[in-house]
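Chain and residue survey
So you can see what is in the structure, the chains are spelled out below.
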Amino acid sequence: MTDVTPLRSVLYMPGSNERALEKARSIACDGLILDLEDSVAPDAKTAAREQVAAAASSGAYGRRTVAIRVNSIGTEWHDDDIVAAAQAGPDGVVVPKVNSADEVRALVASLEKAGAPDRTRLWAMVETPEAIFDVREIAAASERLAVLVMGTNDLVKELYAEHVPGRAPLLTSLSLSLLAARAAGVQILDGVYNDVKDAEGFLAECAQGRQMGFDGKTLIHPGQVAPANEQFAPSAEAVEDARGLIRAWEDGQGTGVVTYKNKMVENLHVESAQRTLAIHDAVQALEA
Ligand SMILES: CC(C)(COP(=O)(O)OP(=O)(O)OC[C@H]1O[C@@H](n2cnc3c(N)ncnc32)[C@H](O)[C@@H]1OP(=O)(O)O)[C@@H](O)C(=O)NCCC(=O)NCCSC(=O)C[C@H](O)C(=O)O
Ligand SMILES: [Mg+2]
């Protein structure tokens, strides 16, 4: 079964913003991405790198999964970012614009050379046409790769597409990436929703991501955390149904066809119900 570490809500914050790094200690998100890439201006990159490395290794974020997003391969900041991130030892190092399995293997080698502890996993961003064509190989390229992260802003830009409700222009890329993540047994996070004031649109996009199978959503504002947590956790009804379905299956063993609420139950439905309960238990443990 895919890892059930809850990553319902994973909040980006600019690595140069001291106030945001401080505030994140009290935000109820499952994960944080301390950003050194797009949200940090070139002349603030070096100071942000030091600030982010100190924050990630401080232990100040408690139960939250902490990741550092470095600048992409080939930029002037990438190599120093990788060394600083590896030495800070966060849960994840997020690398933007990963385009191939060879890049994944080279990134893993760089992290290991820089002394990254075993707990520090690679999170690869899928946000270019090249990555979409190679996403199956990317997802399976290394045991150290634990999460795919959709970069939907970059994808829209690269495709010359538009941000529209329902995300029709992105559905092929989202679906192929999901298939790759599931085939490789890694987690996958949906992209960000840019309009921080549009609660209705955000909820609709969370629901779409959850229905497609994403483990959670990347976020840009604290106001998006609570709705994402709710949308990506099994509802009370789903938990009750999972328990009922498993009971019906156990009670019906040896009787031939089993049904629950008038619907056929087979072993595969039991496995899905067990997964729902495993996610529910993990969320409960996190929130305890
Ligand atoms: C989008 C924002 C610029 C909005 O900022 P602001 O107008 O300051 O918001 P508020 O006034 O409503 O903020 C209220 C308080 O919350 C704190 N805050 C805001 N955002 C964050 C955050 N992300 N993390 C932690 N804390 C946050 C403010 O400091 C306020 O606190 P207080 O002073 O106590 O009232 C802003 O939200 C923002 O910068 N968001 C993150 C942007 C970012 O990281 N972008 C890069 C990642 S997204 C990306 O790159 C996608 C991908 O690569 C792709 O291709 O799609
Ligand atoms: Mg991007």
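For every chain, the first residue of the written sequence is number 1, and numbering continues from 1 along that sequence. For this description, chains carry letters from A and ligands carry numbers from 1, given in the order in which they are written. For this predicted model, a pLDDT threshold of at least 70 governs which residues receive local features, and a threshold of 80 or more governs which side-chain atom pairs are given and counted, while totals over whole chains, interfaces and linings are taken from all residues. To get the side-chain values, take all heavy atoms of the structure and skip hydrogens and water.

**Remarks on helix H8 (residues 171–184)**
Here is the rule: Strands are runs of DSSP state E lasting at least two residues, helices are runs of H or I lasting at least four, and both sets are numbered from the N terminus onward. Multiplying 1.5 Å by the residue count of a helix minus one yields the expected span of that helix. Remark: exposure states derive from per-residue accessible area (1.4 Å probe, protein chains only) relative to the maximum for the residue type, with buried under 20%, exposed over 50%, and partly exposed in between. Picture the helix axis, draw a direction to every C-beta atom, and the arc is the one those directions span.
The terminal C-alpha atoms of H8, which comprises 14 residues, lie 20 Å apart, in line with the 20 Å expected from a rise of 1.5 Å per residue. Buried residues of H8: Ser173, Leu174, Ser177, Leu178, Ala180 and Ala181, and no others. End-on, the buried residues of H8 take up no more than an arc of 165 degrees, which puts them together on one face. Relative to its buried face, H8 has exposed residues pointing more than 90 degrees away, namely Thr172, Leu179 and Ala183. After H8 finishes, the residue Gly185 shows a positive phi value of roughly 75 degrees.

**Topic: the pattern of salt bridges**
Basically, it comes down to this: In what follows, salt bridge is the name for a side-chain nitrogen of Lys or Arg lying within 4 Å of a carboxyl oxygen of Asp or Glu.
By the definition in use, this model includes 21 salt bridges. With a closest N to O distance of 3.9 Å, Arg25 and Glu22 form a salt bridge. Classification of Arg25 as partly exposed rests on a relative accessible area of 41%. Given the relative accessible area of 43%, Glu22 is considered partly exposed. Among the ionic pairs, Arg105 bridges to Asp102, the shortest N-O distance being 2.9 Å. Of this pair, Arg105 and Asp102 both sit in helix H4 (residues 101–113), separated by 3 residues, roughly a single helical turn. Taking relative accessible area as the criterion, Arg105 reaches 42% and is therefore assigned partly exposed. Ionic contacts of the salt-bridge type, sharing partners, join the residues Asp35, Glu37, Arg69, Lys97, Glu127 and Asp154 into one network.

**Details of the UniProt feature "domain: HpcH/HpaI aldolase/citrate lyase" (unreviewed entry) in the protein chain**
Selection rule: UniProt positions are given in the numbering used here, feature names are shortened, and annotations may be inferred rather than shown by experiment.
Look at the UniProt record and you will see "domain: HpcH/HpaI aldolase/citrate lyase" (unreviewed entry) annotated at residues 8–222. Taken end to end, residues 8–222 comprises 41% helix and 19% strand; its first and last C-alpha atoms sit 13 Å apart.

**Structural notes on unusual backbone geometry**
Phi at Tyr160 takes a positive value of approximately 60 degrees, unusual for a residue other than glycine. The exposure class of Tyr160 is exposed, given its relative accessible area of 77%. One non-glycine residue, Lys261, lies in the positive phi region at around 50 degrees. Structurally, Lys261 is set in the loop between strand E9 (258–260) and strand E10 (263–265).

**Concerning helix H3 (residues 78–88)**
Where we set the bar: Residue contacts are defined here by distance: any two heavy atoms, one from each residue, within 4.5 Å place the two residues in contact.
Of the positions making up H3, those classed as buried are His78, Asp81, Ile82, Ala84, Ala85, Ala86 and Ala88. Of the surrounding elements, those touching the buried residues of H3 are helix H2 (45–56), strand E3 (65–69), strand E4 (92–95) and H4.

**A look at the packing of helix H9 (residues 199–212) against helix H10 (residues 225–232)**
What counts, and what does not: Orientation is described by axes fitted as lines to C-alpha atoms, over the contacting stretch for helices, and by angles from 0 to 180 degrees between their N-to-C directions. Angle categories: roughly parallel below 35 degrees, roughly antiparallel above 145, roughly perpendicular from 65 to 115, and oblique for all the rest. Two helices crossing with the near one rotated counterclockwise from the far one by less than a right angle form a left-handed crossing, whereas a clockwise rotation gives a right-handed crossing.
Contact geometry of H9 with H10 gives a least axis separation of 9 Å together with a crossing angle of 30 degrees. Taken together, the axis directions place H9 and H10 in an arrangement best described as roughly parallel. The two elements H9 and H10 meet at a crossing, and its hand is right-handed. In this structure, H9 uses Phe202, Leu203, Cys206, Ala207, Gly209 and Arg210 to contact H10, whose residues at the interface are Pro227, Ala228, Gln231 and Phe232.

**Remarks on the coordination of the magnesium ion (ligand 2)**
Where we set the bar: Only nitrogen, oxygen and sulfur atoms qualify as donors, provided they sit within 2.8 Å of the metal or within 3.2 Å for Na, K and Ca; with water excluded from the atoms, sites may seem incomplete.
Taken together, the protein ligands of the magnesium ion (ligand 2) are Glu127 (OE) and Asp154 (OD), with distances of 2.0 to 2.2 Å. A residue pair is termed long-range when its members are at least 10 positions apart, and Glu127 in the loop between strand E5 (121–126) and helix H5 (129–133) and Asp154 in helix H7 (residues 152–159) qualify at 27 residues. With respect to class, Glu127 is no different from Asp154; both count as buried.

**Observations concerning the site of ligand 1**
Convention followed: Definition of nearness: a residue and a molecule or strand are near each other if at least one heavy atom of the residue lies within 4 Å of the molecule or strand. Definition of a polar contact: a pair of N or O atoms within 3.5 Å, with one able to donate and the other able to accept a hydrogen when the atoms are protein atoms, and with sequence-neighbouring residues admitted only if both atoms are side-chain atoms. Using a 1.4 Å probe, the Shrake-Rupley method yields the accessible areas, and only the shown protein chains count as cover for residues. Three categories are distinguished: nonpolar for Ala, Val, Leu, Ile, Met, Phe, Trp, Tyr, Cys and Pro, charged for Asp, Glu, Lys and Arg, and polar for the others, with Gly belonging to the last.
Near ligand 1 lie 21 residues; those nearest to it are Tyr12, Arg19, Asn153, Ile220 and His221. Between Arg19 and ligand 1, the recorded distance is 2.5 Å, taken from a side-chain N or O atom to an oxygen atom. In this structure, Lys23 approaches ligand 1 through a side-chain N or O atom, which is 3.3 Å from an oxygen atom. In isolation ligand 1 has 1,000 Å² of accessible area, and contact with the protein removes 66% of it. Sort the elements by how many residues they give to the shell around ligand 1 and strand E1 (residues 9–14) lands first, with 4 residues. A per-class count over the shell around ligand 1 returns 9 nonpolar, 5 polar and 7 charged.

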